[in-house]
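# Working through the structure, step by step
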Amino acid sequence: MAKAIKVYVVDSEGNTLSGQRVKEYGGSEQRTDANGCVTLFLEGTNTTIYVNGFEAYGGSVSRLDSKEVFTKLGGRF
């Protein structure tokens, strides 16, 4: 069963950024919308999420909240 995760990309001050590249390992790249958000549908038990080519998260899907916030360089906000 897939888990839907909303991924928001922000700058260092917490402002959302549109047009940022987000993808799950092996998946297709998406760009954040005007609200700085993309929705990923994660199928497996483990995943790796990339933001602008930087690894933002690697680990268990069950540890992800339904809303995750990362910086444009892949850090957790």
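The structure displayed is predicted, hence computed values, not measured ones.

## Describing the pairing of strand β6 (residues 54-60)
In terms of strand pairing, strand β5 (residues 46-51) meets β6 through six bridges, oriented antiparallel. Residue pairing across strands places Val51 opposite Phe54, the latter belonging to β6. As consecutive antiparallel partners, β5 and β6 are separated by two residues, and within that stretch Asn52 has a phi angle of approximately 55 degrees, a positive value.

## Notes on the pattern of salt bridges
Evaluation of the coordinates by the stated rule reveals three salt bridges. Between Glu68 and Arg76 there is a salt bridge whose closest N-O contact spans 2.7 Å. For Glu68, a relative accessible area of 5% puts it in the buried group. On the basis of relative accessibility, which here comes to 48%, the residue Arg76 falls in the partly exposed class.

## Considerations on the pairing of strand β1 (residues 3-10)
Pairing analysis gives six bridges linking β1 to strand β4 (residues 37-42), with the strands arranged antiparallel. In the sheet register, Ala4 faces β4, and the bridge partner there is Phe41. Relative to strand β7 (residues 67-71), β1 runs parallel, the two sharing five bridges. Each bridged residue has a counterpart across the sheet, and for Val7 the counterpart in β7 is Glu68.

## Side note on the sheet that holds β7
With respect to topology, three strands assemble into an open sheet ordered β4-β1-β7, the strand pairing being mixed. Two strands lie at the open edges of the sheet, namely β4 and β7, each paired on one side alone. Looking at each pair of strands side by side, their axes are set apart by 30 degrees on average, direction ignored.

Definitions and limits used
- Residues numbered from 1 in each chain as written.
- Predicted model: local features only at pLDDT ≥ 70, side-chain atom pairs only at ≥ 80, totals over all residues.
- Heavy atoms only, no water.
- Pairing = 2+ DSSP bridges.
- Helix = DSSP H or I, 4+ residues; strand = E, 2+ residues; numbered from the N terminus.
- Salt bridge = Lys/Arg side-chain N within 4 Å of Asp/Glu carboxyl O.
- Buried < 20%, exposed > 50% of the residue type's maximum accessible area, 1.4 Å probe, protein only.
- Axes fitted to C-alpha atoms, helices over the stretch in contact; angles between N-to-C directions.

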